[in-house]
Amino acid sequence: MEDKTLNINVPKNELGAISNIKANFPSLAERSVVGVFVASNYKANKKYLKTFLEGMLAGFFVAIGYYVALYGASKFADAGVQTVLIGAMFPVAILLITFVGGSLFTTNCLGFTNACVKDVKFNKFFKNLAICYGGNIVGSLVVFLILLAMGVLVPYLKDSNGNNAYTDHGAFTQLAADFTLKKIGELGTALRTGESISAGLVIGTFFSNFFSGIICNVFVCVTLYITFSTKNIAAVVIMLWLTIFVFVISGTPHCVANLILFFCNISQSLVVSSGMDSANILAQSGQTFLPVETPYLFLGVNIIPSILGNFIGGGILIPGIVYLIYKDKIQKISKELSSESIADSAKELVSKLHSSIAL
């Protein structure tokens, strides 16, 4: 009779260490470092289709989280209250990814350490990272299309007399437009006031978002360390929520979260270019409409620099410092994970490390 037992080649000494965590992982930090390194190995060696689908799922959750946060906050007029509410609601997206599944470009950047110690080939790491971000884009696009079909992105409709009538979604589109302009700093101010846009202003905004993107992924990538630091689910939820709350209210650019704003400002810009009398609309309600060129500028001075900044923050800065601190431990684990069985070994190790939390 055929033996259908699944044989997984897992280093026995490492599993032995994990089964006796208190003796071998004296601190939560050391436990989290081991978990992140092994998880990053597993992620970098996933099949491309699975990476894409997980990226799509994460992009979907993040876009939904951003929409819900903006829509809820749009019910309040005070800007301070709006910021706090968005910060309080958006972490739900990260919690969904943690417990349901999905992969974000930002946290997958942590695998750069694995490539540097030659556990993963550089070309495979970067391919997986690019495919993951492609999935993030598609997931966000799906949410955008759903919102478009719902009519949420249409602030005005023609009434029976042919006039532009303000809809219930106007407050949301107003806040989305305001957030879009805030995300591009002084360039957004120039677009709002109709001032001329200089090359210096564009370059300055680019580098501002680049460096802000580094700070952004310092906050975001540590959520993976938090996930593996303890088996206490309540502690994980609280720490994840607090960390993402701080990231959101800081206003730093996240290359996945801002995708939904990018798609939404394409929609709003098309409203202006479609021939609607935006001047009359503005006069009637004070609604902010984005100029036609806004999506291109947003892509160039927000999305692209945030991709670069996010990678440096989550792929080089934090994991680089962590590697220097725990170099011996990481090198030991690296040697014990054989290249032939790395995917299965990593999966089993992660399961043992944190069986209560989804990878």
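Please refer to the structure higher up on the page.
Quick caveat, the model's predicted, so the values are computed rather than measured. (Residues numbered from 1 in each chain as written. Predicted model: local features only at pLDDT ≥ 70, side-chain atom pairs only at ≥ 80, totals over all residues. Heavy atoms only, no water.)

Peer 1: How should I be thinking about the packing of aromatic side chains in this particular structure?
Peer 2: Centre distance and the angle of the planes are the two values used to describe a pair of aromatic rings. One pass over the structure, following the stated rule, counts 16 aromatic pairs. With a centroid separation of 5.6 Å and an interplanar angle of 50°, the aromatic rings of Y67 and Y71 are classed as tilted. With a gap of 4 residues between them, Y67 and Y71 both fall in helix α4 (residues 48-73), about one helical turn apart. Seen from their ring centres, F90 and F247 are 6.4 Å apart, and the 65° between their planes marks the pair as edge-to-face. (Phe/Tyr/Trp six-rings, centres within 6.5 Å; stacked < 30°, edge-to-face > 60°. Helix = DSSP H or I, 4+ residues; strand = E, 2+ residues; numbered from the N terminus.)

Peer 1: Can you help me understand unusual backbone geometry in this one?
Peer 2: Most peptide bonds take the trans form, and the phi angle of most residues other than glycine is negative. In this structure, K118 is a non-glycine residue whose phi angle is positive, near 70°. When you line up the elements, K118 lands in the loop between α8 (112-116) and α9 (122-150). Judged by relative accessible area, K118 falls into the exposed class, the value being 74%. (Buried < 20%, exposed > 50% of the residue type's maximum accessible area, 1.4 Å probe, protein only.)

Peer 1: Would you mind showing me how to read helix α6 (residues 91-100) here?
Peer 2: In an α-helix there are 3.6 residues to a turn, and that puts residues three or four apart on one side. Restricting attention to buried positions, one finds in α6 the residues P91, A93, I94, L95, I97 and T98. Close packing links the buried residues of α6 with α4, α5 (79-89), α12 (199-229) and α13 (233-250). Positioned one or two residues after α6, G101 has a phi angle of 130°, which is positive. (Contact = heavy atoms within 4.5 Å.)

Peer 1: Explanation requested: the side chain of N128 in the structure shown.
Peer 2: Among the secondary structure elements, N128 is positioned in helix α9. Residue N128 is classed as buried on the basis of its relative accessible area of 3%. In this view, N128 contacts K43, A44, N45, K46, Y48 and T51; residues no more than four positions away in its chain are not counted.

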